[in-house]
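# Overview (structure and organization)
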Amino acid sequence: MQLPRLVDAALDRLVVPGYSRLGYAARRAGWRTLPSGCLAGRTILVTGAAGGLGAATARGLVGLGARVELVVRDQARGERTAAALREAHPGAAVEVAECDVSSLADVRRYAAEVRDREAAVHGLVHNAGVMPPERTETAEGHELALATHVLGPFLLTRELRPALRAGASPTAPARVVFVSSGGMYTASLPTDDPEFRVGTYSGGAAYARTKRMQVVLAELLADDLAGDGVVVHSMHPGWADTPGVAGSMPGFRRVTGPLLRTDDQGADTAVWLQAAAEPGHSTGVFWHDRAPRPTHYLPRGAETPQARAALWTLCVDATAGSAR
Ligand SMILES: NC(=O)c1ccc[n+]([C@@H]2O[C@H](COP(=O)([O-])OP(=O)(O)OC[C@H]3O[C@@H](n4cnc5c(N)ncnc54)[C@H](OP(=O)(O)O)[C@@H]3O)[C@@H](O)[C@H]2O)c1
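Residues numbered from 1 in each chain as written. Predicted model: local features only at pLDDT ≥ 70, side-chain atom pairs only at ≥ 80, totals over all residues. Heavy atoms only, no water.

### So, the nonpolar core
Side chains of a nonpolar character, in soluble globular proteins, are inclined to be buried together. With 41 residues, the main nonpolar core has Leu45, Tyr110, Val150, Leu160, Leu217, Val232 and Leu311 as its most contacted residues. Put simply, the parts of the chain that give this core at least two residues each are helix H6 (104–117), helix H7 (144–159), helix H8 (161–167), strand E5 (174–179), helix H9 (203–225), strand E6 (230–236) and helix H13 (305–318). No other element matches H9, which puts eight residues into this core. Beyond its immediate sequence surroundings of up to four residues, Val150 is in contact with Ala145, Thr210, Met213, Leu217, Leu311 and Cys315. Counting residues in each nonpolar core, the second largest holds 30 residues, with Ala66, Ala82, Trp272 and Ala276 among its members. (Core = buried A, V, L, I, M, F, W, Y, C linked by side-chain atoms within 4.5 Å. Buried < 20%, exposed > 50% of the residue type's maximum accessible area, 1.4 Å probe, protein only. Helix = DSSP H or I, 4+ residues; strand = E, 2+ residues; numbered from the N terminus. Contact = heavy atoms within 4.5 Å.)

Okay, here's the thing in structure tokens:
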């Protein structure tokens, strides 16, 4: 039975009930099972798929018949994850490709490789994530969370535009998903200092800022790619027990341990956004537990058109010389 909308919304407003395994359990009772094989014939790329929610997302997509490419920065670890997937799903098509999504040069190289060998890409999941313990710059001079969550995914999406366009059909759009976070509610767009050069740096603040940027970027890319038959969404996976949480938020994990979702529960909405009919009929939406969610709880928080335009300009300028 579907939860009443007000109860569902209240669970998220109260945070712990909505984001924990409690919220997942309360909501899944009203969900339809995704038809097996519903992703047959579709090629979907998942970044940061060697472990955590990325590997769980790949597992869910393979389970629905998709051909999945694990986009990882450590080939050997990716191969081990792929071997486990193939063992669990005999005959499944699972590929492994190496790409450091925080490196714009590596993203261009990887995207060119995909364009050369793939006739079409039907889905892309920007899952790779990081919470830097201290301010770190990439070789190209960008703050690491910004490069990993925003600049790299922006460039990869735009460089794969021809392949995504080829993966779209009048009845089935190609789908791009940003795995953002509920943590974005604590941040506004850092228009004046996107590289976090001003003030005392904190990995948690850089994380929340760039997760906010992902939600807005998904809306902007949704407009940019609408004419190509591509839908773009963002989502919050809830709180899930992963190596990332264990490594970056040990205190949080100690306190919330029993309430954390499994990685498969955390990956559920990312898989659903690639497979279900409903999200194919909309674009630029922020989701949690298979339902659209507000991107702000306080009306004054909404981004101005100038701030949105500044984010777009930041992405275009930082990745200049390659946009398609
Ligand atoms: N778990 C949660 O409760 C939660 C809540 C909200 C949002 N999220 C989001 O969910 C996503 C997955 O998080 P997780 O909890 O599964 O974390 P995780 O266990 O740390 O997984 C993150 C993955 O991203 C990969 N990665 C990081 N930087 C990369 C780069 N530059 N290039 C390629 N891959 C890179 C990591 O690769 P290595 O394996 O090589 O380190 C790792 O496999 C993140 O975007 C995170 O923000 C998670």
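### Topic: the site of the ligand
Looking at the ligand, there are 28 residues lining it, with Arg77, Asp100, Asn127, Tyr207 and Thr242 nearest. Contact distances for the ligand include 3.4 Å between an oxygen atom and a backbone N or O atom of Gly129. Contact between the ligand and Lys211: an oxygen atom at 2.9 Å from a side-chain N or O atom of the residue. Burial of the ligand by the protein amounts to 89% of the accessible area it has alone, namely 890 Å². Contributing elements (two or more residues each) for the shell around the ligand: helix H4 (52–63), H9 and helix H10 (243–248). Element by element, the count of residues in the shell around the ligand is highest for H10, at three residues. (Near = heavy atom within 4 Å. Polar contact = N/O pair within 3.5 Å; in protein donor to acceptor, adjacent residues only side chain to side chain. Areas by Shrake-Rupley, 256 points an atom, 1.4 Å probe, with all protein chains shown as cover.)

Note that all results are geometric; they support no functional claim without further evidence.
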